[in-house]
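In case you want the letters, here they are:
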Amino acid sequence: MATLLSAQCVFCLRKPGSQINLRRAAAGITARCYSSRTASSADYLHRSVVPSMHYQKSLPRLPIPKLEDTIRRYLAAQKPLLGDEQFATTEKIAQDFQNGVGKQLHEELVAQDKTNKHTSYISGPWFDMYLSARDSVVLNFNPFMSFNPDPKQEYNEQLVRSANMVCSAVRFMKTLRANLLEPEVFHLNPAKSDTDSFKNLIRWVPSALSWYGAYMVNAYPLDMSQYFRLFNSTRIPKRGRDELLTDDRGRHLLVMRKGNMYVFDVVDGDGNLVEPAEIHSHLKYILTDSTPAPPFPLGVLTSENRDVWAGLREKLVAAGNAEALGLVDSALFCLCLDDESMRDHIHISHNMLHGDGCNRWYDKSFSIIIAKDGQAAINFEHAWGDGVAVLRFQNEVFKDTTEKPLVHPGSAPAAADSASAVRRLHFHLDGELESGIKKAKENFDSAVAKLTIDAMEFKRGGKEQLKKSKLSPDAIAQLSFQMAFLRQYGQTVATYESCSTAAFKHGRTETIRPASAHTKRCSHAFVHEPSKHSVEELRAMLNECSKYHGQLTKEAAMGQGFDRHLFAMRYLANSKGQALHGLYTDPAYAAINHNILSTSTLTSPAVSLGGFAPVVPDGFGVGYGVHDNWIGCNVSSYPARNVHEFLQCVHKSLEDIFSVVEGKPLS
């Protein structure tokens, strides 16, 4: 199975001016350069002719939509969710907002944006939203993406794969910091723009103009301002609002096994990769360490409510643990070595999304998790950035470990003194801290026990057949979710699909609202009255849904959705202490932001499976991938919903849609 899915808010990247998924995506800021004078070429993944951050300065700015467009789009998205009377009320409130308070807030937002040309209007409020959230990051925010196995089976052995992934991750970091990582560019005409001759030309164009040079050949450079937070970064719990810490002086790796925490250097004093055989030796030492699991595993605290964790962290520091915590926070990243083998895809999803809470440090910018059988995944913290930077990292690490591994199945670990090079961290815990850890574990177990995950593969067709039929593959997948929910629960509900706005400076995401008047009409026809409509009529409805979804996707990718604009105006009103307008207190506004269907998609040669939890207690977390000849879904739910039945309904919906595409009547 290779179902690809993504995080509740950010894996899907759409190409500008189109509804096609971007294969890869980006997000980052100019990073401190390591000296490359003494580094060998083995320290780099590649040496890009065009500097990594060459386009950053000239990226276009994220537009603020016109207020009337935002209100029009908002009402169009509300229409299928409300009865006639409710809609009339919401329409009146929205028009009052547009003509009064909204007009004033919009003008202030535009003025504020003009004085902050170095960033986007959404960047600050979006960081604030994530960092101010007090819920646990586990299930509520951190998603996972699992790696495909190495095609060479013997390289999937836990120790070999771990050593290679660590080496490739350091090589990625070194390449990025030396400004040698290929910039993230979406090529609409790669024959013209993804060529050595173009790269050799564009490298000489000043950074302030380089984006325009790429645009002339139909290439779209993407924002990389989040990349610097990939490494040496951690979310630090604070009361009220957390902080992001990046300390790029750290040269060590954090390794977790059985809830024990270890550190050792993977970068030497000159900034170069430590010998792969030494890394191999140190990891072998950790994997064979007989130290039992600690009775009070510290990692589980990172799964707590953020204010509770902030209070306990203060106590940890007061108890003399500041130096050990500093090593955790400044580590390049976290490597979690699990002692369990994975039974199946459902087990992988649960283990990589949450695990047992003890062998994780959920606050690290990202963790690579490697199970006993070599199954690997990335779990990442969401506040610092969107999945696009992580996906680029994952793609590069997979490519490097499979094509140019530095450690081999027969490799002998170096005769290094791992006992002195590897340090197991010790923490001083008093009764209050032990009690806090025990309570955190109870809360964690209670939360994850409620989560159910199931997966489905539809093998009758996929992207190829749909494109031949001039239908958007993403539109059809989304339509199948609308039909499924209608069949199962008899309703059309608020639906969220993430779309990256990385084509703009400091862009984050915009929301595509897949539930529309078109999908509601089409779903009703397919589910409730299939025999009343001819194949031609049903096919015409599919065309309408596809066309409208394509328009929504294009608008979102170009920063022309309504969600972020309304969010930024509400944030502005709150920051001024202004009473919120009725638009924001309208139950319909709360309902459209209670996303029962939270969906995200991506496909990548590196990723086999991904997942996230529902964003509301009565919702589904729908990860999906439309592949050439099949469609995969990995879906989560809490007890309020039946995920197994939902997937049966999705499968039935896709069967019906493909029957109509093939010209067959529905029985």
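Residues numbered from 1 in each chain as written. Predicted model: local features only at pLDDT ≥ 70, side-chain atom pairs only at ≥ 80, totals over all residues. Heavy atoms only, no water.

With an unreviewed UniProt entry as reference, the chain is termed Carnitine O-palmitoyltransferase 2, mitochondrial, source organism Fundulus heteroclitus. The chain has a UniProt comment under Pathway (unreviewed entry) that states "Lipid metabolism; fatty acid beta-oxidation." (UniProt positions renumbered as here; feature names shortened; annotations may be inferred.)

*Asks:* Just to check I follow, could you spell out the overall build of the chain for this structure?
*Replies:* Within the chain one finds 22 helices and 18 strands. Radius of gyration (C-alpha) of the chain: 25 Å, near the 26 Å computed for a compact globule of 667 residues. Across its three principal axes, the chain shows a C-alpha extent of roughly 75 × 60 × 55 Å. Counting the 667 residues in the chain, one finds 61% classified as buried. Taking all contacts inside the chain whose residues are at least 6 apart in sequence as the whole, residues at least 24 apart take part in 80%. Here the chain carries 74 positive and 72 negative side-chain charges, and the mean point of each set is 4 Å from the other. (Helix = DSSP H or I, 4+ residues; strand = E, 2+ residues; numbered from the N terminus. Rg over C-alpha atoms; globule rule 2.2 N^0.38 Å. Buried < 20%, exposed > 50% of the residue type's maximum accessible area, 1.4 Å probe, protein only. Contact = heavy atoms within 4.5 Å. Lys, Arg positive; Asp, Glu negative; His and termini not counted. Charge placed at Lys NZ, Arg CZ, Asp CG, Glu CD.)

*Asks:* I'm lost on the pattern of salt bridges in this one. Help?
*Replies:* Pairing between side chains becomes possible if they bear opposite charge and their charged atoms approach one another. Taken as a whole and judged by the stated rule, the model has 41 salt bridges. Of the charged contacts in the structure, one is a salt bridge between Asp247 and Arg249, with a shortest N-O distance of 2.9 Å. Under the relative-accessibility criterion, Asp247 is labelled buried at 18%. Judged by relative accessible area, which is 65%, Arg249 ranks as exposed. When salt bridges that share partners are traced, they join Arg134, Arg235, Asp242, Arg306, Asp307, Asp363 and Glu381 into one network. (Salt bridge = Lys/Arg side-chain N within 4 Å of Asp/Glu carboxyl O.)

*Asks:* Help me out: how do you make sense of the side chain of Ser210 in this one?
*Replies:* Of note, Ser210 is situated in helix α8 (residues 210-216). You can call Ser210 buried: its relative accessible area is 0%. Within the structure, the side chain of Ser210 is placed 2.9 Å from the backbone oxygen of His54, a separation counted as a polar contact. Once residues within four sequence positions are removed from consideration, Ser210 is found in contact with His54, Tyr55, Ser58, Ile202 and Val205. (Polar contact = N/O pair within 3.5 Å; in protein donor to acceptor, adjacent residues only side chain to side chain.)

*Asks:* Help me understand the sheet that holds strand β16 (residues 607-611) in this model?
*Replies:* Paired through backbone hydrogen bonds, the strands of a sheet run either parallel or antiparallel to each other. Pairing in this open sheet of eight strands is mixed, and the strands run β11-β7-β6-β8-β9-β10-β1-β16 from one edge to the other. Sheet topology places β11 (423-424) and β16 at the edges, where each strand pairs with a single neighbour. With six bridges joining them, strand β6 (residues 252-257) and strand β7 (residues 260-265) adopt antiparallel strand pairing. Considered in β7, the bridge of Leu253 is made with Phe264. Lying over the sheet, helix α9 (residues 276-287) contacts β6, β7 and β8 (334-337), oriented at roughly 165° with respect to β7. On top of the sheet, helix α10 (residues 306-330) reaches β6, β7 and β11; it is set at about 100° to β6, its chief contact. (Pairing = 2+ DSSP bridges. Axes fitted to C-alpha atoms, helices over the stretch in contact; angles between N-to-C directions.)

*Asks:* It is not clear to me how unusual backbone geometry should be interpreted in this structure. Could you clarify?
*Replies:* Backbone phi values are negative for most residues with the exception of glycine, while trans is the configuration of most peptide bonds. With a phi angle near 55°, Asn232 is a residue other than glycine that sits in the positive phi range. Counting through the fold element by element, Asn232 comes out in the loop between β3 (219-221) and β4 (233-236). The exposure class assigned to Asn232 is buried, which follows from its relative accessible area of 0%.

*Asks:* Got a minute to help me understand the packing of aromatic side chains in this structure?
*Replies:* The geometry of an aromatic ring pair is captured by two quantities: the separation of the ring centres and the angle between the planes. Enumeration over the complete set of coordinates arrives at 23 aromatic pairs. Judged by centre distance (5.2 Å) and plane angle (90°), the rings of Trp211 and Tyr212 are edge-to-face. Owing to a relative accessible area of 46%, Tyr212 belongs among the partly exposed residues under this scheme. Clustering of aromatic rings is evident, with ring pairs tying together Tyr74, Phe97, Phe562, Tyr584 and Tyr589. The lysine or arginine in question, Arg508, covers the ring of Phe127, its NZ or CZ lying 4.9 Å from the ring centre. Lying over the aromatic face of Tyr489, Arg641 brings its terminal NZ or CZ to 4.4 Å of the ring centre. (Phe/Tyr/Trp six-rings, centres within 6.5 Å; stacked < 30°, edge-to-face > 60°. Lys NZ or Arg CZ within 6 Å of the ring centre and 35° of its normal.)

*Asks:* How do you make sense of the confidence of the model for the chain when you look at a structure like this?
*Replies:* Low pLDDT means the predicted coordinates in that region are not meant to be read closely. Mean pLDDT over the chain: 92, with 94% of residues reaching 70 or higher. Taken as a whole, residues 1-39 scores under 50 in pLDDT and shows 202 contacts with residues more than four places along the chain or in a different chain. (pLDDT = per-residue confidence, 0-100.)

*Asks:* Just to check I follow, could you spell out the sheet that holds strand β12 (residues 452-458) for this structure?
*Replies:* Strand order in this open sheet of six strands is β12-β18-β17-β15-β13-β14, and the pairing throughout is mixed. Strand pairing shows two members of the sheet lacking a second neighbour, β12 and β14 (509-512), which therefore form its edges. Strand after strand, the sheet turns through a mean of 25° between neighbouring axes, direction not considered. Note that strand β13 (residues 495-500) and β14 share four bridges and pair antiparallel. In the strand pairing of β14, Glu497 is matched with Ile512. Along the sheet, helix α16 (residues 473-489) contacts β13, β15 (597-601), β17 (620-626) and β18 (631-637); its crossing angle with β17, the most-contacted strand, is approximately 145°.

*Asks:* Help me out: how do you make sense of the UniProt feature "active site" (unreviewed entry) in the chain in this one?
*Replies:* Per the UniProt annotation, the sites labelled "active site" (unreviewed entry) are His382. Mapped onto the fold, His382 is located in the loop between β10 (376-380) and α12 (387-403). Owing to a relative accessible area of 0%, His382 belongs among the buried residues under this scheme.

*Asks:* Explain the state of the cysteines here, please?
*Replies:* Note: disulfide means a covalent bond formed between the sulfur atoms of two cysteine side chains. Throughout the structure, instances matching the rule amount to zero disulfides. Free cysteine: Cys522, not disulfide-bonded; nearest cysteine sulfur from Cys545 at 4.1 Å. A relative accessible area of 0% places Cys522 in the buried class. Not part of a disulfide, Cys649 finds its nearest cysteine sulfur in Cys633, a span of 12 Å. (Disulfide = S-S within 2.5 Å.)

*Asks:* Can you help me understand the domain arrangement of the chain in this one?
*Replies:* By a frequent convention, interface size equals the accessible area lost on bringing the separate parts together. Each assigned domain of the chain is listed with its residue range as follows: domain 1 (46-62 + 185-221), domain 2 (133-180 + 227-449) and domain 3 (452-559 + 594-662). If you average the C-alpha positions of domain 2 and of domain 3, the two centres end up 33 Å apart. Contact residues are listed per partner, giving 23 residues for domain 2 and 21 residues for domain 3. Both sides of the domain 2 and domain 3 interface together cover about 1700 Å² of buried area, and 56% of this is carbon and sulfur. Sorting the residues of domain 2 by area buried against domain 3 places Asn148, Ile346 and Asp386 first, and these three jointly supply 24% of that buried surface. The interface formed by domain 2 and domain 3 contains one salt bridge. Ionic pairing is found between Arg508 and Asp386, a salt bridge with its closest N-O pair at 3.1 Å. Summed over the shared surface of domain 2 and domain 3, the result is eight residue pairs in polar contact (both at pLDDT 80 or more). When residues of the side of domain 2 that touches domain 3 are assigned to their parent elements, the largest contribution, six residues, is made by helix α11 (residues 345-353). Residue classes in the side of domain 2 that touches domain 3 are distributed as 13 nonpolar, nine polar and one charged. (Domains from an automatic or database assignment. Buried area = accessible area lost by both parts, 1.4 Å probe. Nonpolar A, V, L, I, M, F, W, Y, C, P; charged D, E, K, R; others polar.)

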